[in-house]
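An overview of the molecular structure
Chain by chain, the residues:
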Amino acid sequence: MSPRFHNASMQLGEEWNLESHVLKQLEEFTCLMYGQNRESSADVVRAKLLRKMMEEDEEEEEEEEEEEEEDEDEDEDEFDFDFDDFNESDGE
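The present account deals with the structure reproduced in this document. (Residues numbered from 1 in each chain as written. Predicted model: local features only at pLDDT ≥ 70, side-chain atom pairs only at ≥ 80, totals over all residues. Heavy atoms only, no water.)

**With respect to the overall build of the protein**
Within the protein, the secondary structure is distributed over 4 helices and 0 strands. Reading the protein from its N terminus to its C terminus gives the helix and strand order α-α-α-α. Residues classed as buried in the protein amount to 10% of the 92 residues present. Just so you have it, the protein exposes about 8,400 Å², and 46% of that area is on carbon and sulfur atoms. (Helix = DSSP H or I, 4+ residues; strand = E, 2+ residues; numbered from the N terminus. Buried < 20%, exposed > 50% of the residue type's maximum accessible area, 1.4 Å probe, protein only. Areas by Shrake-Rupley, 256 points an atom, 1.4 Å probe, with all protein chains shown as cover.)

Here it is as structure tokens:
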């Protein structure tokens, strides 16, 4: 941990109100923990992560729907027969 972030974290709990520069440093550190080293706003990082999670959920749902449709098509093929063919073989 860099000395800057170490000093900021040491100030946590000393007072009820944090100085704005300490809060900013802790927010930057939080961004780094989430792999967002170009961001300094935890709100921006949170929004990015939520968007990414939602996109992944939507992709998973689409894949599940496609699999269900394929399963339904396979089920239809298993029981697909022509009653006319059945009646012809019965008359022989």
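**Things to note about the pattern of salt bridges**
If you walk through the whole model with that rule in mind, you get 4 salt bridges. Of the charged contacts in the structure, one is a salt bridge between K24 and E28, with a shortest N-O distance of 3.8 Å. In this pair, K24 and E28 are both assigned in helix α2 (residues 20-33), 4 residues apart and thus about one turn of the helix distant. E28 sits in the buried class, given a relative accessible area of 17%. Taken together, the shared-partner salt bridges in this structure form one network comprising R4, K24 and E28. (Salt bridge = Lys/Arg side-chain N within 4 Å of Asp/Glu carboxyl O.)

**What to know about the packing of aromatic side chains**
Summed over all chains, the structure comprises 1 aromatic pair. The interplanar angle of 45° and the centroid separation of 5.3 Å between the aromatic rings of F5 and F29 together place this pair among those described as tilted. Pair noted here: F5 is in helix α1 (residues 3-10) and F29 is in helix α2, with a separation of 24 residues, a long-range link. By relative accessible area, which is 8% here, F5 ends up buried. Its relative accessible area of 24% is what places F29 among the partly exposed residues. (Phe/Tyr/Trp six-rings, centres within 6.5 Å; stacked < 30°, edge-to-face > 60°.)

**Here's the deal with α2**
Its 14 residues give α2 an end-to-end C-alpha distance of 20 Å, which sits within 8% of 20 Å, the value for a rise of 1.5 Å per residue. Where α2 terminates, the next one or two residues include G35, which has phi positive at roughly 75°. (Expected span 1.5 Å × (residues − 1).)

**Concerning the side chain of Q25**
Looking at the element boundaries, Q25 is found in helix α2. Classification of Q25 as buried rests on a relative accessible area of 17%. Filtering out sequence-adjacent residues up to four positions away, Q25 remains in contact with R4, F5 and A8. (Contact = heavy atoms within 4.5 Å.)

These results come straight from atomic positions and should not be treated as a statement about function.
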